[in-house]
Amino acid sequence: QFQKPEDAIKYRQGAFTVMASHFGRIAAMAQGKVPFDAKAAAFNANIVNDLAALPFTAFGEGTDKGLPNRAKPEIWKEAAKFKSAGDKMVAEIGKLDAAAKTGNLDAIKAAVGGVGQSCKACHDDFRAEK
Ligand code: ASC
């Protein structure tokens, strides 16, 4: 799937970067930082949902080095735990996508909270400090 470890690292970083950008636009609405726009929320949630599983295809063995990256060794040492953290994020993003489709801001706010927690939980355990 990836020719070189650096290709996998670039790919997963790129996927997370695009996800963070589109999730951030919804989070800003949930936090009242930008006006709520149901159509924009649904559009952005759909993008995040489509991308959600992709980064996890790019954490194969041997992709810890090749480019600067913050993946901790625990990703490979505690592979089942990492998988379950990723699955949790994918599930929470699925809920956000469903909430955004309804256009209900309160439901979106709740789902944004769940997604944010799932991002943070994985970062706490599996992402190194800068
Ligand atoms: C974001 C983003 C994350 C999560 C995390 C939530 O918008 O880029 O990584 O939310 O900060 O705690």
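The coordinates are above.
Residues numbered from 1 in each chain as written. Predicted model: local features only at pLDDT ≥ 70, side-chain atom pairs only at ≥ 80, totals over all residues. Heavy atoms only, no water.

**Things to note about helix α2 (residues 38-51)**
Inference 1: An ideal rise of 1.5 Å per residue puts 20 Å on 14 residues; α2 measures up with 20 Å between its terminal C-alpha atoms.
Inference 2: Buried within α2 are the following residues: Ala41, Asn44, Ala45, Val48 and Leu51. Buried residues of α2, viewed axially, fall in a sector of 125°; they line one side. Turned more than 90 degrees off the buried face of α2, the exposed positions are Lys39, Phe43 and Asp50.
Inference 3: Tucked inside the fold, the buried residues of α2 contact α1 (5-30), α4 (79-102) and α5 (105-126).
Inference 4: Of the residues flanking the start of α2, the one acting as N-cap is aspartate 37, its side-chain oxygen 3.1 Å from the backbone nitrogen of lysine 39. (Helix = DSSP H or I, 4+ residues; strand = E, 2+ residues; numbered from the N terminus. Expected span 1.5 Å × (residues − 1). Buried < 20%, exposed > 50% of the residue type's maximum accessible area, 1.4 Å probe, protein only. Arc of directions from axis to C-beta. Contact = heavy atoms within 4.5 Å. Polar contact = N/O pair within 3.5 Å; in protein donor to acceptor, adjacent residues only side chain to side chain.)

**Here's the deal with the layout of surface pockets**
Inference 1: In this structure, the largest pocket encloses a volume near 670 Å³.
Inference 2: Taken together, 26 residues make up the lining of the largest pocket; nearest its centre are Arg12, Phe16, Thr17, His123 and Arg127.
Inference 3: Secondary-structure elements contributing two or more residues to the lining of the largest pocket are α1, α4 and α5.
Inference 4: Split into classes, the residues belonging to the lining of the largest pocket amount to 17 nonpolar, six polar and three charged.
Inference 5: Around the second largest pocket sit 14 residues that line it, and Phe56, Phe59, Ala79, Phe82 and Lys83 are the ones nearest its centre.
Inference 6: Broken down by element, the lining of the second largest pocket gets its largest block of residues, six residues, from α4.
Inference 7: A per-class count over the lining of the second largest pocket returns eight nonpolar, three polar and three charged. (1 Å grid on protein atoms, 1.4 Å probe; cavity = no way out; pocket = protein on both sides within 12 Å on 5 of 7 lines; lining within 4 Å. Points joined across faces, edges and corners; volume = space filled by probe spheres on them. Nonpolar A, V, L, I, M, F, W, Y, C, P; charged D, E, K, R; others polar.)

**Overview of the packing of α1 against α5**
Two measures define how a pair of helices packs: the angle their axes make with one another and the distance between the axes.
Inference 1: One way to put it is that α1 packs onto α5 with a least axis distance of 9 Å and a crossing angle of 125°. If you check the angle between α1 and α5, you find them oblique. Note that α1 runs across α5; the crossing there is left-handed. Within the contact between the two elements, α1 uses Phe23, Ile26, Ala27, Met29 and Ala30 and α5 uses Leu105, Ile108, Lys109, Val112, Val115 and Gly116. (Axes fitted to C-alpha atoms, helices over the stretch in contact; angles between N-to-C directions. Parallel < 35°, antiparallel > 145°, perpendicular 65-115°, else oblique. Left-handed = near helix turned anticlockwise from the far one by under 90°.)

**Let's talk about the site of the ligand**
Inference 1: All residues in the neighbourhood of the ligand are listed as Ala20, Phe23, Gly116, Cys119, Lys120 and His123.
Inference 2: In isolation the ligand offers 310 Å² of accessible surface; the protein chains occlude 57% of this area.
Inference 3: When each cavity is represented as a set of grid points, the ligand is found to reside in the largest pocket.
Inference 4: Those elements that place two or more of their residues in the shell around the ligand are α1 and α5.
Inference 5: Here the element with the most residues in the shell around the ligand is α5; it accounts for four residues.
Inference 6: In terms of residue class, the shell around the ligand is made up of three nonpolar, two polar and one charged. (Near = heavy atom within 4 Å. Areas by Shrake-Rupley, 256 points an atom, 1.4 Å probe, with all protein chains shown as cover. Sits in = over half its atoms within 2 Å of the grid points.)

**Describing the side chain of serine 118**
Inference 1: Mapping serine 118 onto the fold places it in helix α5.
Inference 2: Here valine 115 takes part through its backbone oxygen, which lies 2.7 Å from a polar atom of the side chain of serine 118.
Inference 3: With near-sequence residues (within four places) excluded, serine 118 lies in contact with Lys88, Met89 and Glu92.

Nothing here speaks to function; it is geometry throughout.
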